[in-house]
Amino acid sequence: MLQSFMLETQNLSHIRSLQILQEQAKLRREIHGVGPYEYRTPPSLAQKTINYLIPGNLSHVTAFILIGISEHPELQVPLFFIFLAIYGVTVTGNVGIITLSSIDSRLQTPMYFFLRHLAIINLGNSTVIAPQMLVNFLLEKKIISYYGCATQLGGFLVFIVAEIFMLAVMAYDRYVAICSPLLYMVVVSWKVCILLVVLTYTYSLTTAMTVTSCVFSMSYCSSNVINHFYCDNVPLLALSCSDTYIPETAVFTFSGTNLFFSMIIVIVSYFYIILAILRMRSEEGRQKAFSTCASHRMAVTVFYGTLLFMYFQPRSNHSLDTDKMASVFYTLVIPMLNPMIYSLRNKDVKEALRRVLTNPCQTFKNM
């Protein structure tokens, strides 16, 4: 009887051990964001025990789950079609600006050279975010791989920083055009234009690589669920189980520095533009000068207004849902609006579009 009792106790012990291993396997699947049929057990029981029982093996996240804009299932399909339309308009408008400014001989000026690169940046910014976002609307589990998340964050930072400084470059261009019109083609020569664009892209790439490497040098072990519709640095750092002082300092330093210096360039440029316009004696000259920078002024107001709203709202009102709405605006809505602003309010662009539509063969011959 004692022997049967010992055998029964041993069997119960084996069953409990198997239950513990199964629970640990389930926990590991949830942490790594992998389905039950995708998980492969190690070849041996010893290796299985080592893999499951060492906590360090559970600290490396291989995928993230994006919550998205809304968690309500009934809103996913309507949101898909809304943002598909937004992305379609964005691609059409920015490709149109890039094409017109490249093929029309009357748009071969520094102003439209910078506008072309702003359209490239807007197109890149929305393309980094929108395709993954649209796919996630149709999936029950919105998974993005670890390296896919890092790539998305890096791409987003490249284009958002480039847009900040491209708007500043365009403000400087308008300052020279209005305040020193006789020296415009000397001060803003093609060499200077290319240099400014190269510096903008180089600095934005450096910033993106630095911040992304800081954010992804952290350990992610507590959760892999990102409360956002794309991989952004703030919700990512909220998941880290490491000390986030260094990456948070890097994010704050780069964000503050970029916003401060670009806004200083824009504000100083427009201060001198307004002074120059007020000194003009001709009413017609004033109106022409104002109309020259009207499109850029509107684009700057919309873009910086959104960023300032996001970064300077009170802590009591601040939430990740508010950040999502602001992010939708400057990652998807503004890239859609910019081509409209620069085409509907710009006589040169409208005339170039009319020439292309009425006589496309002649336009391509003049390239």
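Here, every reference points to the structure presented above.
In this text the structure is predicted, and so the values were computed from the model without any measurement.

A.B. asks: A description of the sheet that holds strand E1 (residues 63–66) should follow, citing residues and the corresponding values.
C.D. replies: With mixed pairing, the 3 strands of this open sheet are ordered in space as E2-E1-E3. Each edge of the sheet is formed by a strand with only one pairing partner; in this case those strands are strand E2 (143–145) and strand E3 (225–226). Those strands touched by helix H5 (residues 146–179) are E1, E2 and E3, and its axis lies near 85 degrees from that of E2.

A.B. asks: Can you tell me about the packing of helix H7 (residues 190–215) against helix H9 (residues 245–279), naming the residues and giving the values?
C.D. replies: When two helices pack together, their arrangement is captured by the angle between the axes and the distance separating the axes. The N-to-C vectors of H7 and H9 enclose an angle of 155 degrees; their axes lie 8 Å apart at closest approach. Overall, the two elements H7 and H9 adopt an arrangement that is roughly antiparallel. The element H7 and its partner H9 pack so that their crossing is left-handed. Touching Tyr203, Thr207, Thr210, Val211, Cys214 and Val215 of H7 are Pro247, Ala250, Val251, Phe254 and Asn258, all from H9. Partitioned by chemical class, the residues of the contact of H7 with H9 number 8 nonpolar, 3 polar and no charged.

A.B. asks: Any chance you could break down the environment of leucine 259 for me, citing the residues and the numbers?
C.D. replies: Assignment of secondary structure puts leucine 259 in helix H9. Considering only alpha carbons, one finds leucine 259 and valine 161, 98 residues apart in sequence, at a separation of 8.9 Å.

A.B. asks: Quick rundown of the side chain of asparagine 338? Include the residues and the values.
C.D. replies: Counting through the fold element by element, asparagine 338 comes out in helix H12 (residues 320–344). In this structure the side chain of asparagine 338 is engaged in a polar contact, spanning 2.9 Å, whose partner is the side chain of asparagine 122. Setting aside residues no more than four positions away along its own chain, asparagine 338 makes contact with Leu118, Asn122, Glu163 and Ala299.

A.B. asks: Could you give me a rundown of the environment of valine 234, with the residues and numbers involved?
C.D. replies: Positionally, valine 234 belongs in helix H8 (residues 233–239). Linking valine 234 and proline 247, residues 13 residues apart in sequence, is a C-alpha distance of 9.9 Å.

A.B. asks: Pulling in residues and values, what's your account of the packing of aromatic side chains?
C.D. replies: Tallying each qualifying case throughout the model produces 18 aromatic pairs. Taking the centre distance of 5.3 Å and the plane angle of 85 degrees together, the rings of tyrosine 146 and tyrosine 147 count as edge-to-face. Among the residues examined, tyrosine 146 registers a relative accessible area of 12% and is labelled buried. Here tyrosine 146 and phenylalanine 216 contribute two aromatic rings whose centre-to-centre distance is 5.3 Å and whose plane-to-plane angle is 90 degrees, an arrangement assigned as edge-to-face. A residue pair is termed long-range when its members are at least 10 positions apart, and tyrosine 146 in helix H5 and phenylalanine 216 in the loop between H7 and E3 qualify at 70 residues. Of the two residues, tyrosine 146 and phenylalanine 216, neither departs from the other in class, the shared state being buried. Cluster of aromatic residues (ring-pair linked, three or more members): Phe64, Tyr146, Tyr147, Phe216 and Tyr220.

A.B. asks: Summarise the state of the cysteines; cite the residues concerned and give the values.
C.D. replies: Evaluated as defined, the whole model comprises 1 disulfide. Here cysteine 149 is linked by a disulfide to cysteine 231, with a sulfur-sulfur distance of 2.0 Å. Here cysteine 149 and cysteine 231 share a disulfide; its torsion about the S-S bond, -125 degrees, makes the bridge left-handed. Pair noted here: cysteine 149 is in helix H5 and cysteine 231 is in the loop between E3 and H8, with a separation of 82 residues, a long-range link. Take cysteine 149: its relative accessible area is 0%, and that puts it in the buried class. There is no disulfide at cysteine 293, and the cysteine sulfur nearest it, in cysteine 179, is 9.7 Å away.

A.B. asks: Help me get a handle on the pairing of E1, residues and values and all.
C.D. replies: Neither face of E1 is left uncovered, since the one carrying Ala63 and Ile65 and the one carrying Phe64 and Leu66 both have all their residues buried. Relative to E2, E1 runs antiparallel, the two being bridged by 3 bridges. Residue alanine 63 lies in a different strand from E2, and its bridge partner there is serine 145.

A.B. asks: Describe in detail the pattern of salt bridges, supporting the description with residues and values.
C.D. replies: Counted under the stated rule, the structure contains 2 salt bridges. Arginine 355 is the partner of aspartate 104 in a salt bridge, and the nearest nitrogen-oxygen pair spans 2.9 Å. Of this pair, aspartate 104 sits in the loop between helix H3 (76–103) and helix H4 (110–137) while arginine 355 sits in helix H13 (residues 347–358), placing them 251 residues apart in sequence. Across the pair, exposure class does not vary: aspartate 104 and arginine 355 are buried alike.

Parameters at a glance
- Residues numbered from 1 in each chain as written.
- Predicted model: local features only at pLDDT ≥ 70, side-chain atom pairs only at ≥ 80, totals over all residues.
- Heavy atoms only, no water.
- Pairing = 2+ DSSP bridges.
- Helix = DSSP H or I, 4+ residues; strand = E, 2+ residues; numbered from the N terminus.
- Contact = heavy atoms within 4.5 Å.
- Axes fitted to C-alpha atoms, helices over the stretch in contact; angles between N-to-C directions.
- Parallel < 35°, antiparallel > 145°, perpendicular 65-115°, else oblique.
- Left-handed = near helix turned anticlockwise from the far one by under 90°.
- Nonpolar A, V, L, I, M, F, W, Y, C, P; charged D, E, K, R; others polar.
- Polar contact = N/O pair within 3.5 Å; in protein donor to acceptor, adjacent residues only side chain to side chain.
- Phe/Tyr/Trp six-rings, centres within 6.5 Å; stacked < 30°, edge-to-face > 60°.
- Buried < 20%, exposed > 50% of the residue type's maximum accessible area, 1.4 Å probe, protein only.
- Disulfide = S-S within 2.5 Å.
- Salt bridge = Lys/Arg side-chain N within 4 Å of Asp/Glu carboxyl O.

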